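# Descriptive structure summary
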Amino acid sequence: MTKILVVDDESSIREAVAYALRREGYEVETAADGQEALDKVETFRPAVMVLDVMMPRVNGYDVCRKLDGRPRPAIMLLTVKDDIVDKVLGLELGADDYMTKPFDMRELLARVKALSRRGGYVEQTQQEQQEVLRLGELSAELFSRAVSIQGELLDLTPKEFDLLVLLMRNPERVYSREVLLEKVWDMDFAGGTRTVDIHVQRLRKKLGSHHGLIQTVYGIGYKSTGTP
């Protein structure tokens, strides 16, 4: 079963989300604060973490910061804040999705399902297990979801990986932000097309001197190219 970690200091919300996820067949554990969440990421190794932002001591943003550069689950942030600045901050810290309280439980379940599927926790075909995409000195192994440049592994979030693979599959094809949002996030996302820009910025930073593999097509969107 896919493992989900639900983190919220409000027990009513924490248990309601956990109950709904268990009814969908997920293996669920809960945490009441950020530090407990960090501990359970190490021991429980969830595929997805539903993470409240506004918690005492170690908040959701701090959890994202502490997980930076480490193996980590896909992250769905929950918060009572509805300011675009807070959404952008969460995405810049590595969150993969974002929902504002109060939320519709059916929508949360749909988004968690999309995150777990995009995170590579479903059965792969034999062809997918063997498929490796290459773009210049960049390679992406689809089964292991490992991306490397000249053999050096890059630490990408699930959404960064999905975005990069989509661009690598179709070099020189220009994708609008709206199309990228639909194909990578599966549905309308609260962060809007700004989400795409933030993920591209993070990808370019991680690509380092190879950042030119992802190019901006002004007024439209982005494309990949074999010439950095």
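A brief look at the structure comes next. (Residues numbered from 1 in each chain as written. Predicted model: local features only at pLDDT ≥ 70, side-chain atom pairs only at ≥ 80, totals over all residues. Heavy atoms only, no water.)

## A few points about the sheet that holds strand 12 (residues 221-224)
With antiparallel pairing, the three strands of this open sheet are ordered in space as 10-12-11. On the outer flanks of this sheet lie strand 10 (175-176) and strand 11 (214-217), each paired with one strand and no other. Here two bridges tie strand 10 to strand 12, and the two strands are oriented antiparallel to one another. The residue of strand 12 that forms the bridge with Ser176 is Gly221. Set on the sheet, helix 9 (residues 194-207) makes contact with strand 11 and strand 12; between it and strand 11 the angle comes to about 145°. (Pairing = 2+ DSSP bridges. Helix = DSSP H or I, 4+ residues; strand = E, 2+ residues; numbered from the N terminus. Contact = heavy atoms within 4.5 Å. Axes fitted to C-alpha atoms, helices over the stretch in contact; angles between N-to-C directions.)

## What about the packing of helix 2 (residues 34-44) against helix 3 (residues 60-67)?
Two elements in contact, helix 2 and helix 3, have axes whose closest approach is 9 Å; the angle formed by their N-to-C orientations is 35°. Seen along the crossing, helix 2 lies across helix 3 with a hand that is right-handed. Every residue of helix 3 that contacts helix 2 at Gly34, Leu38 and Val41 is listed here: Val63, Lys66 and Leu67. Residues that form the contact of helix 2 with helix 3 fall into these classes: four nonpolar, one polar and one charged. (Left-handed = near helix turned anticlockwise from the far one by under 90°. Nonpolar A, V, L, I, M, F, W, Y, C, P; charged D, E, K, R; others polar.)

## Re the side chain of Arg111
Residue placement: Arg111 occurs in helix 5 (residues 105-118). Using a relative accessible area of 3% as the deciding quantity, one classes Arg111 as buried. A polar atom in the side chain of Arg111 sits 2.9 Å from the side chain of Glu107. (Buried < 20%, exposed > 50% of the residue type's maximum accessible area, 1.4 Å probe, protein only. Polar contact = N/O pair within 3.5 Å; in protein donor to acceptor, adjacent residues only side chain to side chain.)

## Topic: the environment of Gln215
By secondary structure assignment, the location of Gln215 is in strand 11. Using a relative accessible area of 30% as the deciding quantity, one classes Gln215 as partly exposed. When the C-alpha positions of Gln215 and Glu172 are compared, they lie 9.2 Å apart, and in sequence the two are 43 residues distant.

## Some words on the pairing of strand 7 (residues 138-141)
Both strand 6 (residues 132-135) and strand 7 contribute to a ladder of four bridges, which runs antiparallel. Looking at strand 7, one finds that Leu135 is bridged to Leu138. Linking strand 6 back to strand 7 in an antiparallel pair, the connection comprises two residues, with Gly136 at a positive phi of about 60°. Between the antiparallel neighbours strand 7 and strand 8 (residues 146-149) lie four residues, among them Arg145 with a positive phi of about 55°.

## Some points on the sheet that holds strand 2 (residues 27-31)
Overall, parallel pairing links the five strands, which are arranged 2-1-3-4-5 in an open sheet. Looking at which strands have only one partner, the edges of the open sheet turn out to be strand 2 and strand 5 (97-100). Strand after strand, the sheet turns through a mean of 20° between neighbouring axes, direction not considered. Sheet analysis places strand 4 (residues 74-79) next to strand 5, joined by four bridges and oriented parallel. Residue pairing in the sheet places Leu78 in a bridge with Met99 of strand 5. Set on the sheet, helix 3 makes contact with strand 3 (48-52), strand 4 and strand 5; between it and strand 3 the angle comes to about 140°.

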